[in-house]
Amino acid sequence: KQEVTQIPAALSVPEGENLVLNCSFTDSAIYNLQWFRQDPGKGLTSLLLIQSSQREQTSGRLNASLDKSSGRSTLYIAASQPGDSATYLCAKKWGGTSYGKLTFGQGTILTVHP
Amino acid sequence: DAGVTQSPTHLIKTRGQQVTLRCSPKSGHDTVSWYQQALGQGPQFIFQYYEEEERQRGNFPDRFSGHQFPNYSSELNVNALLLGDSALYLCASARSHYGYTFGSGTRLTVV
């Protein structure tokens, strides 16, 4: 069974901290991995996309890495802000096709307090 | 450039009824996928359409069906609604090997 697991389920940190969100997956047949942000009751906003041939991607204060051999991806958020509070989801696209389905983790609920 | 557009935003239906949700993909995208997200869970894949055909399907019953039109827009139909169908329904579009773009979703409540 293809599974994606995210740890921790919830995280509460003071403003300014650097933090790491973890995503692990079974089966190394990965096409790409995408990190999303979801605000309560809203849709998903794509943060970073890592192709299987890449090791990491960066956008502003966000950095995502991918280690296919260990089946892990991490999202690093530098200097967290209250506006970063949201649910963060990782999703793996399986197999060798560009149009494969995404399999999501359960998400990490992040709260950054002032 | 408009992203993925979904309608309606919210919907309340009675058990046993049928519902149709609509999605317009991002400009330039040709593939549309539908996901169901229950409260507190990650989205679950329902099915994917490309070139007006269903290409992949998740573990959902036949009550869930869809369609893709020549302009790439798509519909999700759910028949014989159950209370357990209450969820946020998300549409995502993509082109080639690029990442998916998601819409804001349709919140379906079955009473």
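Residues numbered from 1 in each chain as written. Chains lettered and ligands numbered in written order. Predicted model: local features only at pLDDT ≥ 70, side-chain atom pairs only at ≥ 80, totals over all residues. Heavy atoms only, no water.

**Student:** Can you walk me through the overall build of chain B in this structure?
**Tutor:** Along chain B, the regular secondary structure elements total zero helices and eleven strands. Secondary structure elements of chain B occur, N-terminal to C-terminal, as β-β-β-β-β-β-β-β-β-β-β. Taken over the C-alpha trace, chain B has a radius of gyration of 13 Å; the compact-globule value for 111 residues is 13 Å, and the two agree within 12%. For chain B, the spread of C-alpha atoms along the principal axes amounts to about 40 × 25 × 25 Å. The buried share of chain B, reckoned over its 111 residues, is 48%. In chain B, 51% of the contacts between residues at least 6 apart in sequence involve partners at least 24 apart. (Helix = DSSP H or I, 4+ residues; strand = E, 2+ residues; numbered from the N terminus. Rg over C-alpha atoms; globule rule 2.2 N^0.38 Å. Buried < 20%, exposed > 50% of the residue type's maximum accessible area, 1.4 Å probe, protein only. Contact = heavy atoms within 4.5 Å.)

**Student:** Where do I start with the nonpolar core in this structure?
**Tutor:** Nonpolar side chains in soluble globular proteins tend to end up buried together. Membership of the largest hydrophobic core comes to 22 residues, with the highest contact counts inside it found for L33, W35, L75, I77, Y88 and L110 of chain A. Residue assignment for this core shows that the elements contributing at least two residues are β3 (19-25), β4 (30-38), β5 (44-51), β7 (62-67), β8 (72-77), β9 (86-94) and β11 (108-113) of chain A. Filtering out sequence-adjacent residues up to four positions away, L33 of chain A remains in contact with C23, F25, L48, L49, I50, L66, S73, C90 and A91 of chain A. V4, I46, L76 and V78 of chain B belong to the second largest nonpolar core, which has 20 residues in total. (Core = buried A, V, L, I, M, F, W, Y, C linked by side-chain atoms within 4.5 Å.)

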